[in-house]
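Observations on the model geometry
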Amino acid sequence: MDVTGGNGQPQPDENHPADHPPAPPTPNPEHDPDHASERDQGHPDKPGPDTTADRTGHEHRSLAHAGIARTDPPPERPKEPGGGILMGRPFGVPVYVAPSWFLVAALITWVFGGQLDRVLPELGALRYLVSLFFAVAFYASVLVHELAHTIAALRFKLPVRRIQLQFFGGVSEIEKEAETPGREFVLAFVGPLLSLVLAGLFYLALKPVEPGTVPGVLLAGLMISNLIVAIFNLLPGLPLDGGRMLRAVVWKITGRPMTGTVAAAWVGRALAVSVLIGLPLLNQSGTLGGDRDVSGMDTVTDALLAAILAAIIWTGAGNSLRMARLREHLPDLRARTLTRRAVPVQSDTPLSEGLRRANAAGARALVVVDADGTPLSLVREAAIVGIPEHRRPWVPVSELAQDLTDGMRVSAELSGEELLDTLRATPATEYLVVENTGEIYGVLSAADVERAFVKAMARPS
């Protein structure tokens with residue numbers, strides 16, 4: 001979590017608060033087989049429960065970088081992810097400025113302008129223009145921090161969804177988790193490293209410049225701010241980059257990424273409490289270079305800033321734990337075990353006959369095929385429920401079927417994130433599951449996947 005720049009791990013991984021777990025396909029309640037079976041109790045034509053149906057029983061952030069956000073392991077997206085004003089696509093990754101950035105830019109302009117009034121009173125109202133330039137330059141440094149995470153991710157062949165500059169920094173949304181602890185460490189470390197390099201460059205640029213000038217003040221401010229960003233993000237607690245580095249070290253020692261996540265997340269929570277209590281005390285004591293004679297408003301401001309930072313760190317650590325638990329249980333979602341048995345029927349088959357064949361075979365789904373047995377469409381369960389029993393002999397199954405698209409054919413070997421990615425790429429209520437040979441294996445209901453997903457998340461790690 002970079003409160004000044006960020007890197008996003010699949011926090012989806014557990015990288016940063018900006019991480020969101022992969023959402024399972026969202027079924028329509030009308031298509032829910034549980035509800036459907038309740039509505040159709042007593043109808044012998046309705047496919048009954050089948051024993052096969054029960055076969056299963058990275059954001060990084062910085063101080064100005066709120067973290068590499070790993071969002072749910074996403075599928076190919078036809079649309080842009082959005083998230084504010086598109087500023088460009090360095091390395092093919094869209095960079096967005098969130099609306100909240102304008103708020104913090106205005107705040108930086110106001111605060112820095114007040115400091116300039118004491119250092120360079122001759123500037124007058126122009127001090128706010130200089131302050132605005134500082135705010136933009138500072139977030140340009142945050143963008144460099146984020147690009148470091150992005151370049152490392154692309155180097156490791158990890159897809160990056162977007163970079164977003166927001167209130168407390170930036171987020172690089174990396175959609176997959178690093179495969180090894182070494183790569184995880186590098187992915188997290190490059191952000192703070194670039195911030196340290198920037199601080200050094202601004203220091204060198206400051207050497208020949210007069211301190212009491214506009215360039216001198218700007219270079220000094222950028223040097224100090226990048227140094228703060230680097231140090232803050234190196235703190236060893238999730239969702240900060242230092243937390244990701246700690247996670248990588250524990251992962252390497254124990255061989256278990258989950259153990260590393262738990263350790264780094266609890267250190268992150270301890271860090272959040274320390275920031276909440278310690279930051280106001282340090283400011284009031286003058287340890288951080290402030291004036292000991294602080295006003296009541298300064299005390300409130302310090303406490304508010306500490307509370308915001310602590311909340312970001314605490315929330316990011318919690319998100320990291322939840323995402324780690326999710327990834328630990330995702331392999332339990334397997335297309336083969338969640339698939340319902342299906343019977344093939346031709347398009348002119350009456351619904352009642354199709355249901356009779358399904359009940360006789362102990363199946364719970366109908367697949368419409370042509371004369372050669374090639375699947376054409378899937379009979380929608382919700383549509384079956386809507387046909388009264390006395391009309392079923394007169395309704396052909398083709399009237400209730402949804403044509404198959406390429407995205408609705410899924411392999412029986414899919415599981416975990418790969419399965420969720422495939423289903424999200426083509427939203428539907430049912431999918432045809434096939435073997436590697438192309439043979440029909442059955443029908444997968446999005447509602448069944450959702451229930452299995454919730455059940456997996458409810459199990460303790």
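In what follows, the accompanying structure is described.

Thresholds, definitions, all that
- Residues numbered from 1 in each chain as written.
- Predicted model: local features only at pLDDT ≥ 70, side-chain atom pairs only at ≥ 80, totals over all residues.
- Heavy atoms only, no water.
- Axes fitted to C-alpha atoms, helices over the stretch in contact; angles between N-to-C directions.
- Helix = DSSP H or I, 4+ residues; strand = E, 2+ residues; numbered from the N terminus.
- Parallel < 35°, antiparallel > 145°, perpendicular 65-115°, else oblique.
- Left-handed = near helix turned anticlockwise from the far one by under 90°.
- Contact = heavy atoms within 4.5 Å.
- Nonpolar A, V, L, I, M, F, W, Y, C, P; charged D, E, K, R; others polar.
- Buried < 20%, exposed > 50% of the residue type's maximum accessible area, 1.4 Å probe, protein only.
- Arc of directions from axis to C-beta.
- Pairing = 2+ DSSP bridges.
- Right-handed = clockwise from strand over helix to strand, strands pointing away.
- Salt bridge = Lys/Arg side-chain N within 4 Å of Asp/Glu carboxyl O.
- Patch = residues over 30% accessible without salt bridge, like charges linked within 9 Å, V, L, I, M, F, W, Y side chains within 5 Å.
- Areas by Shrake-Rupley, 256 points an atom, 1.4 Å probe, with all protein chains shown as cover.
- Expected span 1.5 Å × (residues − 1).
- Bend = angle between axes of the 7 residues up to and from the residue.

Time to look at the packing of helix α4 (residues 181–206) against helix α5 (residues 214–233). At a minimum axis distance of 8 Å, the contact between α4 and α5 shows a crossing angle of 160 degrees. With respect to α5, the axis of α4 lies roughly antiparallel. The way α4 lies across α5 gives a crossing that is left-handed. Taking contact as the criterion, the partners of P192, S195, L196, L198, A199, F202, Y203, A205 and L206 in α4 are, on α5, G216, L219, A220, L222, M223, N226, L227, V229, A230 and N233. When its residues are assigned to classes, the contact of α4 with α5 shows 15 nonpolar, four polar and no charged.

Let us look at helix α10 (residues 351–361). Within α10 the residues assigned to the buried category are L351, S352, G354, L355 and A358. Viewed end-on, α10 has its buried residues packed into an arc of 160 degrees, placing them on one side of the element. Residues of α10 that are buried in the fold lie against β9 (342–346), β10 (365–369) and α11 (381–385). Where α10 ends, the next residue or the one after it, G362, has phi of about 70 degrees, a positive value.

It is worth spelling out the pairing of β10 at this point. In terms of residue burial, β10 counts as a mostly covered element, since five of its five residues are buried. By the alternation rule, side chains of β10 split into A365, V367 and V369 and L366 and V368, which are all buried. Sheet topology note: the β9/β10 ladder contains five bridges and is parallel. Note on β10: the bridge partner recorded for V343 is L366. In this fold, the crossover linking β9 to β10 by way of α10 has right-handed handedness. Bridge analysis of β10 against strand β11 (residues 375–379) gives three bridges, and the strand direction is antiparallel. By the bridge assignment for β11, V368 is matched with S377.

As a further point, take the sheet that holds strand β15 (residues 440–445). Strand order across the open sheet formed by three strands is β13-β14-β15, with mixed pairing between neighbours. Each edge of the open sheet carries a strand with a single partner, namely β13 (409–411) and β15. On average, adjacent strands in this sheet sit at an angle of 35 degrees to one another, irrespective of strand direction. In this sheet, strand β14 (residues 430–434) lies alongside β13 in parallel orientation, the contact comprising three bridges. Across the sheet, R409 pairs through a bridge with L432, a residue of β14.

With that out of the way, let us pick up the sheet that holds strand β12 (residues 401–403). Strands sit in the order β9-β10-β11-β12 across an open sheet of four strands; the sheet is mixed. The open sheet has two free edges, formed respectively by β9 and β12, since each of these has just one partner strand. Across the sheet, the mean angle from the axis of one strand to that of its neighbour is 35 degrees, orientation sign disregarded. α10 rests against β9 and β10 of the sheet, and its axis sits at about 150 degrees to β9.

This brings us to the pattern of salt bridges. Taken as a whole and assessed by the stated rule, the structure comprises 15 salt bridges. Note that R247 is salt-bridged to E177, the shortest N-O span being 2.4 Å. Of the two residues, R247 is situated in helix α6 (residues 241–254) and E177 in the loop between β8 (169–174) and α4; the sequence distance between them amounts to 70 residues. The partner of E413 in a salt bridge is R336, with the nearest N and O atoms 2.3 Å apart. Of this pair, E413 sits in the loop between β13 and α12 (416–425) while R336 sits in helix α9 (residues 335–338); the two residues are 77 residues apart in sequence, bridging distant segments of the chain. By relative accessible area, E413 is classed as partly exposed at 45%. A residue is classified by how much of its surface remains accessible, and R336, at 25% relative accessible area, is partly exposed. In the salt-bridge network here, residues are joined through shared partners; they are E177, E184, R244 and R247.

A cluster of nonpolar side chains, L193, V197, L201, Y203 and L204, forms an exposed patch at the surface whose accessible area comes to about 460 Å². Looking at the secondary structure, you find V197 in helix α4. On the basis of relative accessibility, which here comes to 39%, the residue V197 falls in the partly exposed class.

What follows deals with α4. The terminal C-alpha atoms of α4 lie 38 Å apart, and with 26 residues this matches the ideal 38 Å at 1.5 Å per residue to within 8%. Considering bend angle alone, the principal kink of α4 is centred on V190 and spans about 30 degrees; proline P192 follows within four residues of it. Regarding α4, the residues found buried are P181, E184, L187, A188, V190, G191, P192, S195, L198, A199, F202 and L206.

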